[in-house]
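# Residue-level structure breakdown
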Amino acid sequence: MKNSVVLPSYTGDESLNSYTDELSNLARSVYETHLLGPWLIARVAESEGAEVTWFSRAMFLASLNGVQVFFWDVRSNEAAVGAKIATHKLFTHRFFR
């Protein structure tokens, strides 16, 4: 997972949208086992030291320092407060007022 957060730079020697580095080649083949969005988030989590447990192509659990965050596709509620804000728009409006 070395340098998994660093995106390849375009040098001009290659045509646009055609990266040939290791990460790009890996990302092109990931669709067989995982969705691209969750896979990218999981790679960043792992590069920061989190333990990632996959449940399906789109769902995984990231654990770090006793904190667990469940991701479903590229969405996550980190806490009860996040869930309340996401589901109760009137509460959110009053909270930020």
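Please read all numbers here as calculations on a predicted model, not as lab measurements.

What follows covers the overall build of the chain. Across its full length, the chain holds four helices and three strands. Element order for the chain, N to C, with α for helix and β for strand: α-α-β-β-β-α-α. Long-range pairs, those at least 24 residues apart, make up 17% of the contacts in the chain with a sequence separation of at least 6. For the chain, the exposed area adds up to about 7400 Å²; of that, 58% sits on carbon and sulfur atoms.

For the rest of this paragraph, the subject is a nonpolar patch on the surface. Together, Phe 55, Phe 70 and Trp 72 give the surface a local cluster of nonpolar side chains, amounting to about 350 Å² of exposed area. Within the secondary structure, Trp 72 is located in strand E3 (residues 67–72). What makes Trp 72 exposed here is its relative accessible area of 52%.

Attention now goes to the pairing of E3. Two faces make up the sheet, and in a regular strand the side chains alternate between them. Of the strand pairs in this sheet, strand E2 (residues 59–64) and E3 are connected by six bridges, and their pairing is antiparallel. Looking at the pairing, Phe 60 lines up with Phe 71 of E3. In textbook terms, the turn of a hairpin is the stretch between consecutive antiparallel strands, and for E2 and E3 this stretch comprises two residues, one of which, Asn 65, has a positive phi near 55°.

Once that is clear, we can look at unusual backbone geometry. In this model, Asn 65 sits at a positive phi of 55°, which is unusual for a non-glycine residue. Along the polypeptide, Asn 65 turns up in the loop between E2 and E3.

Within the largest apolar cluster, eight residues are counted, these being Ala 42, Ala 45, Ala 50, Val 52, Phe 60, Ala 62, Val 69 and Phe 71. Where this core is concerned, the elements lending two or more residues are helix H2 (36–47), E2 and E3.

Definitions and limits used
Residues numbered from 1 in each chain as written. Predicted model: local features only at pLDDT ≥ 70, side-chain atom pairs only at ≥ 80, totals over all residues. Heavy atoms only, no water. Helix = DSSP H or I, 4+ residues; strand = E, 2+ residues; numbered from the N terminus. Contact = heavy atoms within 4.5 Å. Areas by Shrake-Rupley, 256 points an atom, 1.4 Å probe, with all protein chains shown as cover. Patch = residues over 30% accessible without salt bridge, like charges linked within 9 Å, V, L, I, M, F, W, Y side chains within 5 Å. Salt bridge = Lys/Arg side-chain N within 4 Å of Asp/Glu carboxyl O. Buried < 20%, exposed > 50% of the residue type's maximum accessible area, 1.4 Å probe, protein only. Pairing = 2+ DSSP bridges. Core = buried A, V, L, I, M, F, W, Y, C linked by side-chain atoms within 4.5 Å.

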